[in-house]
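So you can see what is in the structure, the chains are spelled out below.
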Amino acid sequence: MQTFSTGPLYAGYITLAPTKNFSISVGQIGSLEGYESGIDWNNANVLTTDLFYVENSQSRGVSATYTMGPVSASVTFGDGFDTGVFNFLQGLVTYSFNDNNALSVFGATNLGHTGLLANTYGSATTPYNQSTVGSYGANYINSTMIGGYYSYTHGNLNLVPEVQYVYAKPDQKVGISKFTSNFGAALFADYAFGKSPYSLGGWVEYFSSNGTSTWFLNPGAQGYGLSVTPTWQNKNLFVRGDLGLLHLTKISNNGSPGYGANGTGRNQATFVVEAGVLF
């Protein structure tokens, strides 16, 4: 309830469709960045990758979508990272070769400058009106991103490889002293066991943070990750668990601590159980 500027309203928007090929939406809308969704149930896994970690979630803005044959293109202009500063542009183009194969390319950039005192996403411990760009990470909000993913479906199996690169240029006004970037690559898989209520989702990833800014865990952190999510669903009722493993090949480039009580650990295991009702 304290993550977004809109309080408990996670997403809310008005959509107008003047023609069957064109629509425009205004309100609290989802990001165009990346394959993983900001809405938990839309992902085959409970845990998310480093790629998702550095992307936008919901924000206020205007989004337009145009579709012609196998091509769909969307553009969003708004307050990236829910800052209230309207200077963030996102774009997504998808080409569907057929029902089983589709290529998507996305990009995003801050067209101006978002200062350290602007509010941004809150957390379980810090409400939105107390969370600022300075405490969250100026490099995320003043960044430029490019990426793409390919969706392949064969029967009950869906495979999606994705690559993504994000960077922030030096900006002394927001504390970015040097060029900093993050690269991520992941392979997602989801398999449904016939007509049974069971399915299995998973991903593997590689990530590399470069420069003096924190993108994931610590400045300069690099590593690999794995997540597996078995799911049971009967109509609108579901239960699923997720086991995630992360191995750091490099903890940091400035002596920041890693995992464990003494800060030297390179491995982290996470287990999550989720249950709910869809409506």
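Refer to the structure above for everything that follows.
Residues numbered from 1 in each chain as written. Predicted model: local features only at pLDDT ≥ 70, side-chain atom pairs only at ≥ 80, totals over all residues. Heavy atoms only, no water.

Draft legend 1. Main features of the packing of aromatic side chains. By the definition in use, this model includes 20 aromatic pairs. Consider the rings of tyrosine 165 and tyrosine 167, whose centres lie 6.0 Å apart with planes at 35 degrees: the pair is tilted. Judged by relative accessible area, which is 23%, tyrosine 167 ranks as partly exposed. Aromatic ring contacts, followed pair by pair, group Phe4, Tyr53, Phe81, Phe88, Tyr121, Tyr136, Tyr140, Phe207, Trp215 and Phe216 into a single cluster. (Phe/Tyr/Trp six-rings, centres within 6.5 Å; stacked < 30°, edge-to-face > 60°. Buried < 20%, exposed > 50% of the residue type's maximum accessible area, 1.4 Å probe, protein only.)

Draft legend 2. Up close: the pairing of strand β9 (residues 180-192). Two elements, strand β8 (residues 157-168) and β9, share twelve bridges in a ladder whose sense is antiparallel. Following the sheet pairing, leucine 157 is matched in β9 by tyrosine 191. Bridge count for β9 against strand β10 (residues 198-210) is twelve bridges, and the pairing is antiparallel. The residue of β10 that forms the bridge with phenylalanine 183 is serine 208. What sits between β9 and β10 in their antiparallel hairpin is a turn of five residues, with glycine 194 showing a positive phi close to 60 degrees. (Pairing = 2+ DSSP bridges. Helix = DSSP H or I, 4+ residues; strand = E, 2+ residues; numbered from the N terminus.)

Draft legend 3. Representation of the environment of glutamate 162. Topologically, glutamate 162 is positioned in strand β8. Among residues more than four places away in sequence, those in contact with glutamate 162 are Gly34, Tyr35, Leu51, Glu55, Phe106, Gly148, Tyr149, Gly184, Ala185, Ala186 and Phe188. Within the structure, the side chain of glutamate 162 is placed 3.2 Å from the backbone nitrogen of tyrosine 35, a separation counted as a polar contact. (Contact = heavy atoms within 4.5 Å. Polar contact = N/O pair within 3.5 Å; in protein donor to acceptor, adjacent residues only side chain to side chain.)

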